[in-house]
Amino acid sequence: MTIVQVLGTAQDGGVPQPGCFCTNCQQAKLSPRLRRNAACLGIVDEQTKEWTLVDATPDFKLQMEQLETAIHPKPQSIWLTHAHIGHYPGLIFLGKEAMNTHELPVYAGAELGEFLQSHLPWSTLVESKNISIKALQHGKTYYQGDYSIIPLLVPHRTEYSETFGFVINGGESSLLYIPDIDRWEDWEEELLCMANEVDYCLLDATFYSEKEVRGIGREPKSIPHPFMEETMDRLQPLVDRKEVTVYFTHLNHSNPVLNPNTDACKTVSQRGFRIAEEGMTIQL
């Protein structure tokens, strides 16, 4: 059996976000239970107890503590979605100043792999053989013990690298993980069809609505992400028929669903969708 553990559910800056005094961030500063780390997954092979990480976030140390054991103190591998700040900076802890790993497999797209090899301090990890970069190929099946991972290219801002989502297949069920994407209509795949092929989805929920984005003084086109309202509309037929369980992750600190008492959070629940919580597990 394979266990997927949710280790983080926030957008790159976490909750509270540094330097922010919005209501959500102030409440999180006062109440530890409202804090959220950057989006990250742990995948555990129940037979061998080996584990791997999807993304190496700024909260790498805290997230590792939830999975590391005396028998397996280090991840079997790390799989990176892309080169935005919430998804790869944790690699720095693999260097000689900290874990000093030896050729730890780090799976990344071709552009991200080149980025890591060409820019300090990441290139030091390659030169010192702390990490061994493995190229991801869209649609290829990679086997990791009793489970497999299939990378899927998704459209997302390409300042530094391409972006991948992943399908994780266990012995009994499967999960689609896409924490970052620009717009569902820009993807060559049809979300409804992809969701219909898996048992669980963990999807980009950076923003709840256009109203939220404009409320924080931003233009929606400048930070493209699918709004939760739209994602629910697209997947409502499957959720109503209980053909897939949909969780939302990668929540921006401004997202109203962070407060369980808001109408937005209540609407998500009433429509049959769920908010991913850190520490929750999904058996595949």
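Worth saying up front: this structure is predicted, and the values here are computed from it rather than measured.

(A) Representation of the side chain of His 72. Assignment of secondary structure puts His 72 in the loop between helix H2 (60–65) and strand E4 (78–79). Given the relative accessible area of 19%, His 72 is considered buried. Within the structure, the side chain of His 72 is placed 3.0 Å from the backbone oxygen of Thr 48, a separation counted as a polar contact. In contact with His 72, other than residues within four places in its own chain, are Thr 48, Lys 49, Glu 50 and Trp 51.

(B) Highlighting the pattern of salt bridges. What the rule picks out here adds up to seven salt bridges. A salt bridge links Lys 49 to Glu 46; the shortest N-O distance between them is 3.5 Å. A relative accessible area of 45% means that Lys 49 is categorised as partly exposed. For Glu 185, the salt bridge identified is with Arg 234, shortest N-O distance 3.3 Å.

(C) Structural detail: the sheet that holds strand E11 (residues 200–204). Here we have seven strands laid out as an open sheet, ordered E7-E8-E9-E10-E11-E12-E13, and mixed in their pairing. Edge strands, defined here as strands with exactly one partner in the open sheet, are strand E7 (142–144) and strand E13 (274–275). As paired strands, strand E10 (residues 174–178) and E11 are joined by four bridges and run parallel to one another. From the neighbouring strand, Leu 175 faces E11, where its bridge partner is Tyr 200. Along the sheet, helix H7 (residues 228–240) contacts E11, strand E12 (245–249) and E13; its crossing angle with E12, the most-contacted strand, is approximately 165°.

(D) Fine view of the pairing of E12. When you tally the buried positions in E12, you get five out of five residues, the bulk of the element. Residues of E12 alternate between two faces, with Thr 245, Tyr 247 and Thr 249 on one and Val 246 and Phe 248 on the opposite face, all of them buried. Relative to E13, E12 runs parallel, the two sharing two bridges. What sits directly across from Tyr 247, in E13, is Arg 274. As for the winding sense of the linkage, the β-α-β connection from E12 through helix H8 (residues 263–270) to E13 is right-handed.

(E) Representation of the nonpolar core. Counting 36 residues, the largest nonpolar core has Leu 176, Trp 187, Leu 203, Met 228, Val 257 and Val 268 as its most contacted members. Contributions of two or more residues to this core are made by strand E8 (147–154), E10, helix H5 (191–196), E11, H7, E12 and H8. For this core, the leading source of residues is H7, giving five residues. Excluding residues within four positions of it along the chain, Val 257 makes contact with Tyr 208, Met 228, Leu 251, Thr 262, Ala 264, Cys 265, Val 268 and Ile 275.

What counts, and at which threshold
- Residues numbered from 1 in each chain as written.
- Predicted model: local features only at pLDDT ≥ 70, side-chain atom pairs only at ≥ 80, totals over all residues.
- Heavy atoms only, no water.
- Helix = DSSP H or I, 4+ residues; strand = E, 2+ residues; numbered from the N terminus.
- Buried < 20%, exposed > 50% of the residue type's maximum accessible area, 1.4 Å probe, protein only.
- Polar contact = N/O pair within 3.5 Å; in protein donor to acceptor, adjacent residues only side chain to side chain.
- Contact = heavy atoms within 4.5 Å.
- Salt bridge = Lys/Arg side-chain N within 4 Å of Asp/Glu carboxyl O.
- Pairing = 2+ DSSP bridges.
- Axes fitted to C-alpha atoms, helices over the stretch in contact; angles between N-to-C directions.
- Right-handed = clockwise from strand over helix to strand, strands pointing away.
- Core = buried A, V, L, I, M, F, W, Y, C linked by side-chain atoms within 4.5 Å.

Read these as geometric descriptors, not functional statements.
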